[in-house]
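Below, each chain spelled out in residue letters.
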Amino acid sequence: MIDPTPFFGLQLVPVVAILIWLVYSYLVKKRASPTASKPVASEKDAGLELPPDPTPLENLTPEKLKGYDDRPWRPFRWPYHQTMSIFKLDMNHWLDMDKWYERYVNEKMDIIRKTGKEYCDSLPDGDDAVEELLETVVNHLIMRYPKLFVKTHIGLDNLVTGEKMDLRKPFKEPPLHYLARLTKEDFYIVKKREDGRHYLVAAVVPAPGGFFGVQNKMGQHLDVIHHEVPYYEEKLKVSMERWFARMKPADPVERASWFICWDHELLCNGIYALGPGETVPDDTSYLKYNVRVCRQTLRRLPKSQAIIFSNHPIFYSIEEMKDEPFVPSMLKKVVLEGPEKILKYKGFEKCDQHLIPYLDRLIQRQIDLGIIQADDPVRTRPSYPFADWYDPNEKHTGNGYANPFYKKAQEEPEKMH
Ligand code: HEM
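The rules behind each value
- Residues numbered from 1 in each chain as written.
- Predicted model: local features only at pLDDT ≥ 70, side-chain atom pairs only at ≥ 80, totals over all residues.
- Heavy atoms only, no water.
- Pairing = 2+ DSSP bridges.
- Helix = DSSP H or I, 4+ residues; strand = E, 2+ residues; numbered from the N terminus.
- Axes fitted to C-alpha atoms, helices over the stretch in contact; angles between N-to-C directions.
- Donors = N, O, S within 2.8 Å, 3.2 Å for Na, K, Ca; no water.
- Near = heavy atom within 4 Å.
- Polar contact = N/O pair within 3.5 Å; in protein donor to acceptor, adjacent residues only side chain to side chain.
- Nonpolar A, V, L, I, M, F, W, Y, C, P; charged D, E, K, R; others polar.
- Phe/Tyr/Trp six-rings, centres within 6.5 Å; stacked < 30°, edge-to-face > 60°.
- Buried < 20%, exposed > 50% of the residue type's maximum accessible area, 1.4 Å probe, protein only.
- Lys NZ or Arg CZ within 6 Å of the ring centre and 35° of its normal.
- pLDDT = per-residue confidence, 0-100.
- Contact = heavy atoms within 4.5 Å.

### Things to note about the sheet that holds strand β3 (residues 149-151)
- If you walk across this open sheet you meet the 3 strands as β3-β4-β5, and the pairing is antiparallel. Where the open sheet ends on each side, the last strands, each with one partner, are β3 and β5 (164-166). Averaged over all adjacent pairs, the angle separating strand axes in this sheet is 25 degrees, with direction ignored.
- Pairing of β3 with strand β4 (residues 155-158), which is carried by 3 bridges, proceeds in the antiparallel orientation. Across the sheet, the residue bridging to F149 is N158, located in β4.

Right, here's the structure in full:
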């Protein structure tokens, strides 16, 4: 009889070799990229798990960016109550780009140059978080937009603005300035102190929309910062603190708020520049009316454990949304019937008398075109917080989110005013 031992031994050699190779490559991969494998639950509990890396948008070139639109936010709700209204953030959208990028970064730097520390300041205990944020932003931009931002031996090349950014230490200018020049975002940096509450330790916020400077907010905790916010004490405070206490680096979220304006200023829109009792000038063209969406994200950084609150405006003209079902009806409903304190905070009383005849006209147009029925109830759309036509898969094409209704709306502008 033939002895089977050497035979089976020989058969096992390749199997064992493959097993060793599999274990080895798993270990190497895990070491090279902490996000490449699913971390065990305890990593998440300890706040070590990171959100996933973004997918590269390979075909978004500087040329293509000139016609690239951001996502179509429509954060209109009815019934309208003050709530946290946060959504899980897809990291591909942490630092969105669009055709206005260059205008935004230039205008933000102009504001910072003119206003000094009014909209850009930090405290010493925010320094580590500012540096960590800068590093995180640079890595994200290089990964997500490889044709727009390229890593170099001194820092990065911004292929949109042409800047060769020198990020070697010691920094040649305040790191908050680099952040303002790299993204469309305003950034607030918040840290937990010994009393368990969250305090503002740094901010670069030249695009607040309403002169909301940071000097009276620096070093203050979130209750003080939100002092003016309607229904904060009753509806937001407890859930926000509870949520901040549990928030992990792997759980970024986004939200959006909005108000109405008739210009595209980043620092302060006309509606907030008007004095008490003043209203929008009567001869303002309806075509100038915009919804200013303040698109916000929240994430925690793993090293400093700071919370980063980002915010950038996107302007959508009411004209471009006029044939989207219920948009004019929803705007009218909120402007006339929204919670009193919110209406006041958003300054609606400065334009409602002027705006309502225009909205009525657009509502009638939607009824005439069969887009809505006269007796349809006005309520939050299933596509909230985005337009009905929003396609979430667009994030991988690099073509952007051009409004299919916009060209048509431009061809048929409302004639009043
Ligand atoms: C889940 C977290 C948060 C929620 C739900 C929230 C909610 C709000 C709301 C409802 C407003 C009124 C404007 C609007 O309608 O959006 C507001 C304003 C504001 N929030 Fe927050 N917020 C959050 C986190 C933060 C953080 C982390 C900061 C960082 C400092 C911050 C800074 C501000 C500032 C500066 C204003 C303008 C306040 C003013 O009127 O001067 N928020 N927030």
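### A short note on the coordination of the iron atom of the ligand
- The protein supplies the iron atom of the ligand with one donor atom, H226 (NE2), which lies at 2.1 Å.
- Within the secondary structure, H226 is located in the loop between α7 (222-225) and α8 (232-246).

### What about the site of the ligand?
- Y188, H226, R255, S257 and Y345 are the nearest of the 20 residues found near the ligand.
- Residue K217 places a side-chain N or O atom 3.5 Å away from an oxygen atom belonging to the ligand.
- Between the ligand and Y345 there is a distance of 2.4 Å, counted from an oxygen atom to a side-chain nitrogen or oxygen.
- For the shell around the ligand, the secondary-structure elements that each account for two or more residues are β6 (186-192), α7, α8 and β8 (253-261).
- A total of 3 residues in the shell around the ligand trace back to one element, the largest contributor, which is α8.
- When the residues that make up the shell around the ligand are grouped by side-chain class, the tally is 14 nonpolar, 3 polar and 3 charged.

### Some words on the sheet that holds β6
- With antiparallel pairing, 7 strands are arranged side by side in an open sheet as β1-β8-β9-β10-β6-β7-β2. For this open sheet the edge positions go to β1 (87-88) and β2 (120-122), each flanked by a neighbour on one side alone.
- Direction of pairing for β2 relative to strand β7 (residues 198-204): antiparallel, over a ladder of 3 bridges. Residue D121 lies in a different strand from β7, and its bridge partner there is A203.

### Structural notes on the packing of aromatic side chains
- In the structure shown here, the tally under the stated rule is 16 aromatic pairs.
- Relative to Y272, the ring of F212 lies with its centre 5.8 Å away and its plane at 65 degrees, an arrangement referred to as edge-to-face. Here Y272 lies in helix α9 (residues 270-273) and F212 lies in the loop between β7 and α7, a separation of 60 residues in the sequence.
- Taking the relative accessible area as the measure of exposure, F212 reaches 33% and is therefore partly exposed.
- Residue Y272 is classed as partly exposed on the basis of its relative accessible area, which comes to 22%.
- Connected via pairs of aromatic rings, a cluster forms that spans W73, F386, Y390 and Y401.
- Between the NZ or CZ atom of K184 and the centre of the ring of Y104, over which it lies, the distance is 4.9 Å.

### As for the confidence of the model for the chain
- Taken as a whole, the chain shows an average pLDDT of 89; of its residues, 86% reach a score of 70 or greater.
- Below pLDDT 50 for its whole length, residues 26-39 participates in 8 contacts with residues either more than four positions away or in separate chains.

### Remarks on unusual backbone geometry
- In the segment running from K169 into P170, the intervening peptide bond is cis, with an omega of 0 degrees.
- Following the sequence through the fold, P170 ends up in the loop between β5 and α6 (175-182).
- Omega for the bond connecting Y384 with P385 falls within 30 degrees of zero, at 10 degrees, which places this linkage in the cis form.
- Mapped onto the secondary structure, P385 falls in the loop between α12 (352-368) and α13 (406-411).
- Positive phi values are uncommon outside glycine, yet S85 reaches one of about 40 degrees.
- Along the polypeptide, S85 turns up in the loop between α3 (62-65) and β1.

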